[in-house]
Amino acid sequence: MAARIISGKDIAREIRDELNERVASLAKDGLVPGLATVLVGENPASRLYVGMKNKAAAEAGIHSRQVTLSESASETELLGVIHDLNTDPQIHGILVQLPLPRQIDESKVLLAIHPDKDVDGFHPVNVGRLATGDPNVLAPCTPRGVIEMLLRSGADPSGKHVVVVGRSNIVGKPMALLLLRKAAGGNATVTVAHSRTPDLGAITRTADILVVAVGWPNTVTRDMVKPGVTVIDVGTNRVDDPTRPRGYRVVGDVDFEGVSQVASAITPVPGGVGPMTIAMLLANTVEAAIRLGKAGG
Ligand code: GUN
């Protein structure tokens, strides 16, 4: 049996249509959400992502501003930019694209962003709010997108055993915390596995829902999943493919062909989690704007 495809592209479109309406109604009340993206250096993938985020913001009616600093920018210069954005009343969301050049201390930069404007959800205050179950937290966009995909595709994690493979600060750890929350999209029993987990298959085979975010192709193969599992593949990996004009194709962390023969539902790559991340960034920006607007900020 071939698995049902959970299309992040379609679900993201649905969410973005809802956001368009919300932004239009806020505009009538004089509130235009504002997103600032900060790009430091020339990393081509980062440039592409930041460009996509700004374009999506503009399409939603969100005011967007990109600040671009050179590869050799100093930490002080970047902290100055963040300070200005923290105090700018037109800006409700600030995103500093990672990774940063090596002369800049990432943790200092994340700490400098005002927690109420931290639409990435990476500030330690927001990490703490997520860990303690604050319902109003700005949660990281990719794991938030995964929860939305599960809920909107009829795979509510409540009461299910969810295995998360990966323990990054951007995906694995916040994913586990969101799934544990006593709230819609949470209430799961959660196991976190990672690169040092021996016999990964023994763990992944116990999953009702499997979320894979390790950044390595074919980490999960057909023999490693239980029949009927729902699989969310967060990976985006470039693999050489001379048959493609660019010489490569993008694949996830899961062997899609094999696993989709056993799973009941699976996300594709591309067109799965990727579009959801951008949709949730817009959602976080709108939520931040509403809260800051109410606070008079
Ligand atoms: N680099 C890779 N993923 C992300 C993300 O979600 N946010 C930011 N700011 N940088 C990233």
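Higher on the page you've got the structure.
What counts, and where the lines are drawn
- Residues numbered from 1 in each chain as written.
- Predicted model: local features only at pLDDT ≥ 70, side-chain atom pairs only at ≥ 80, totals over all residues.
- Heavy atoms only, no water.
- Core = buried A, V, L, I, M, F, W, Y, C linked by side-chain atoms within 4.5 Å.
- Buried < 20%, exposed > 50% of the residue type's maximum accessible area, 1.4 Å probe, protein only.
- Helix = DSSP H or I, 4+ residues; strand = E, 2+ residues; numbered from the N terminus.
- Contact = heavy atoms within 4.5 Å.
- Pairing = 2+ DSSP bridges.
- Near = heavy atom within 4 Å.
- Polar contact = N/O pair within 3.5 Å; in protein donor to acceptor, adjacent residues only side chain to side chain.
- Areas by Shrake-Rupley, 256 points an atom, 1.4 Å probe, with all protein chains shown as cover.
- Nonpolar A, V, L, I, M, F, W, Y, C, P; charged D, E, K, R; others polar.
- Axes fitted to C-alpha atoms, helices over the stretch in contact; angles between N-to-C directions.
- Parallel < 35°, antiparallel > 145°, perpendicular 65-115°, else oblique.
- Left-handed = near helix turned anticlockwise from the far one by under 90°.

A.B. asks: What should I look at first to understand the nonpolar core in this one?
C.D. replies: Inside soluble globular proteins, nonpolar side chains tend to come together where they are buried. If you look at the biggest cluster of nonpolar residues, it comprises 50 residues, and the most contacted ones within it are Ile 62, Val 146, Val 211, Ile 232 and Val 234. When residues of this core are traced back to their parent elements, those giving at least two are α1 (8-28), α2 (44-59), α6 (141-152), β5 (161-165), α7 (172-180), β7 (209-212) and α10 (273-294). Top contributing element to this core by residue count: α10, with twelve residues. Residues contacting Val 146, with those up to four places away along its chain left out, are Met 175, Val 211, Ile 232, Val 234 and Val 273. Counting residues in each nonpolar core, the second largest holds 20 residues, with Val 40, Leu 69, Ile 91 and Leu 110 among its members.

A.B. asks: What should I look at first to understand the side chain of His 161 in this one?
C.D. replies: Along the polypeptide, His 161 turns up in strand β5. With residues near it in sequence (within four places) discarded, His 161 still touches Thr 189, Thr 191, Thr 206, Ala 207, Asp 208 and Ile 209.

A.B. asks: What is the right way to look at the pairing of β7 in this model?
C.D. replies: Along a regular strand, successive side chains alternate from one face of the sheet to the other. Residues of β7 alternate between two faces, with Ile 209 and Val 211 on one and Leu 210 and Val 212 on the opposite face, all of them buried. Pairing of β5 with β7, which is carried by four bridges, proceeds in the parallel orientation. Along β7, the bridge assignment pairs Val 162 with Ile 209. Relative to strand β8 (residues 230-233), β7 runs parallel, the two being bridged by four bridges. Among the inter-strand pairings, Leu 210 is bridged to a residue of β8, identified as Val 231.

A.B. asks: I would appreciate a short explanation of the site of the ligand in the present structure.
C.D. replies: Taken together, Leu 95, Val 96, Gln 97, Leu 98, Asp 120 and Phe 122 form the complete shell of residues around the ligand. A distance of 2.9 Å separates a nitrogen atom of the ligand from a polar backbone atom of Val 96. At 3.4 Å, a side-chain N or O of Gln 97 approaches a nitrogen atom of the ligand. Summarising the interface, the protein chains cover 80% of the accessible area of the ligand, which totals 280 Å² for the free molecule. Of the residues belonging to the shell around the ligand, the class tally is four nonpolar, one polar and one charged.

A.B. asks: Which parts of the structure should I look at to understand the packing of α1 against α10?
C.D. replies: The angle between the axes and the distance between the axes are what describe a pair of packed helices. Direction vectors running N to C along α1 and α10 enclose 20 degrees, while the axes themselves pass 9 Å from each other. In terms of axis orientation, α1 runs roughly parallel to α10. By crossing handedness, the relation of α1 to α10 is classed as left-handed. Residues Gly 8, Lys 9, Ile 11, Ala 12, Ile 15, Arg 16, Leu 19, Arg 22, Val 23 and Leu 26 of α1 lie in contact with α10, whose contacting residues are Pro 275, Met 276, Ile 278, Ala 279, Met 280, Leu 282, Ala 283, Val 286, Glu 287 and Ile 290. Its residues placed into classes, the contact of α1 with α10 shows 15 nonpolar, one polar and four charged.

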